[in-house]
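Notes for the structure review
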Amino acid sequence: MRQLIAGNWKMNGSFAALAAYAGGLKAGLARVSAVDLLVCPPDPLVRPLIDMLASESVAVGAQNCAEKRAGAHTGDVSADLLAELGASHVILGHSERRMDHHETNAQVRAKAEAAIGAGLIPIICVGESSAERSQGEAVTVVRAQLAGSVPEGFTGVIAYEPIWAIGTGKVPTEDEITQIHEAIRTALVRQLGEAGAGMRILYGGSVKPDNAQAILALPDVGGALVGGASLKAEDFLAIAAAAAGG
Ligand code: PGA
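Parameters at a glance
- Residues numbered from 1 in each chain as written.
- Predicted model: local features only at pLDDT ≥ 70, side-chain atom pairs only at ≥ 80, totals over all residues.
- Heavy atoms only, no water.
- Near = heavy atom within 4 Å.
- Polar contact = N/O pair within 3.5 Å; in protein donor to acceptor, adjacent residues only side chain to side chain.
- Areas by Shrake-Rupley, 256 points an atom, 1.4 Å probe, with all protein chains shown as cover.
- Core = buried A, V, L, I, M, F, W, Y, C linked by side-chain atoms within 4.5 Å.
- Buried < 20%, exposed > 50% of the residue type's maximum accessible area, 1.4 Å probe, protein only.
- Helix = DSSP H or I, 4+ residues; strand = E, 2+ residues; numbered from the N terminus.
- Contact = heavy atoms within 4.5 Å.

With respect to the site of the ligand
Near the ligand there are 13 residues, and of these Lys10, His94, Glu161, Gly167 and Ser206 occur at the shortest range. Measuring from an oxygen atom of the ligand, one finds a side-chain N or O atom of His94 at 2.7 Å. Measuring from an oxygen atom of the ligand, one finds a side-chain N or O atom of Glu161 at 2.7 Å. Expressed as a share of its isolated accessible area of 280 Å², the protein-covered part of the ligand is 97%.

Laid out in structure tokens, this is it:
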């Protein structure tokens, strides 16, 4: 399966800088034809970015959606509206949302159901804290997150993002990534059957141009979820080129 390289801009980016980013991306796309590319900017930039990338093979997604499909939920954005704007994917259950907004597994699961109902592809994030890893709990924590966050009949993508690797420059060893991806695969097959066997499992956490090739070559790494390094088109393209084996 083609690898998916997804950029998570978090609360970064601006309308003023968007055209330069889109231009930079378009200029380098020929180098990365063998991968799927996705950029997830803040919601207000979703539609403008789609328009700027028009007809280019880069998907644009969001970083969150509401659990409910519509109604009296001030400040929330529905999956249906994101889909109407042209978003293809939505990142759900990122550790920053689990922490900053106290999102529970049950809420992440409800959001995933809303997203699928609206025709979006959810990217459900799981990952352990540094304390959990040092207590030998990484696999247990991730399994529990999958059991609680992934709805029945789920179709989408899973991202393994150890919290201690996000934005820190620290990356798990190749063995650690392989071990968790294997555990995630086993859990997905148990939960979802055949669909779980073919599901992409992304790695996220301090993926950079200089470590991308090694990470993306690991067994059962179906791509990367890239934070900081996705903010520069050049770095994002370099990571995508590593996925393509370039
Ligand atoms: P990072 O973030 O690449 O900046 O570590 C990854 C993420 O949080 O998705």
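From this point, things continue past the structure.
Details of the nonpolar core
The biggest cluster of nonpolar side chains holds 69 residues, and the ones touching the most others in it are Ile5, Leu25, Leu37, Leu146, Ile158 and Ile184. It is helix α11 (residues 233-243) that provides the largest number of residues to this core, a total of 8 residues. Each residue touching Ile158, except ones within four places of it in the same chain, is listed here: Ile124, Val126, Leu146, Val150, Ile184, Leu188, Met199, Arg200, Ile201 and Leu202. Counting residues in each nonpolar core, the second largest holds 11 residues, with Ala6, Leu38, Ile123 and Ala159 among its members.

Examining the environment of Pro209
Locating Pro209 in the fold gives a position in the loop between β7 (200-204) and α10 (212-216). By relative accessible area, which is 33% here, Pro209 ends up partly exposed. When the C-alpha positions of Pro209 and Arg98 are compared, they lie 27 Å apart, and in sequence the two are 111 residues distant.

What about α11?
Burial within α11 is extensive, with 8 of its 11 residues counted as buried. Of the residues making up α11, those classed as buried are Ala233, Phe236, Leu237, Ile239, Ala240, Ala241, Ala242 and Ala243. In this structure, the buried residues of α11 make contact with β1 (4-8), α1 (15-28), β2 (36-40), α10 and β8 (223-226).

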